[in-house]
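# Fold and geometry: a report
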Amino acid sequence: MTTDTCLRRWLCVRNWDAGHAARCIIKHAKWRVDMVPGGSIHPSEISNELASGKASVSGCDKDGQAVLMIQVKKHNAWTRFLDELERFCCYILDAAVAACGPVPNPPGHVTVILDLSGMGTLKMDI
């Protein structure tokens, strides 16, 4: 999280305000420690979300970026637990970044394919 590229991203998004970027990094680091204790999430902690099959890492694209496929039709806003869903999002994004490794994908970019077919109010978290 402290590579030059990563720090540059935080600064750029915060309009090059170093103080604001530093506060955001600290806040994010605290959130990350709370959300992902021990540095990783065990699949047993998110078993319901994994069983839904709503998201999967589908290898790497031609540029070396991981491809994350999300199918909205497999999400049910009424049967999910928000904490588990949030942990699942961390888990699947971490898996996507790790899928292609630092050599072919040094910046850790991810290509996301969001399939909105079957989208309806039952699928929305409002």
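Just so you know, these numbers come straight off a predicted model, no measurement behind them.

What counts and what doesn't
- Residues numbered from 1 in each chain as written.
- Predicted model: local features only at pLDDT ≥ 70, side-chain atom pairs only at ≥ 80, totals over all residues.
- Heavy atoms only, no water.
- Disulfide = S-S within 2.5 Å.
- Helix = DSSP H or I, 4+ residues; strand = E, 2+ residues; numbered from the N terminus.
- Buried < 20%, exposed > 50% of the residue type's maximum accessible area, 1.4 Å probe, protein only.

### Quick look at the state of the cysteines
For the structure shown, the criterion picks out 1 disulfide. Each sulfur of the disulfide joining C60 and C100 lies 1.6 Å from the other. Residues C60 and C100 are joined through a disulfide that is left-handed, its torsion about the S-S bond being -120°. Of this pair, C60 sits in strand 1 (residues 55-60) while C100 is found in the loop between helix 4 (82-99) and strand 3 (110-115), placing the two residues 40 residues apart along the sequence. According to the relative accessible area criterion, C100 is buried, its value standing at 8%. The thiol of C12 is not disulfide-bonded; the next cysteine sulfur, from C6, is found 12 Å away. Cysteine C90 remains unbridged, with the sulfur of C89 as its closest cysteine sulfur at 7.0 Å.

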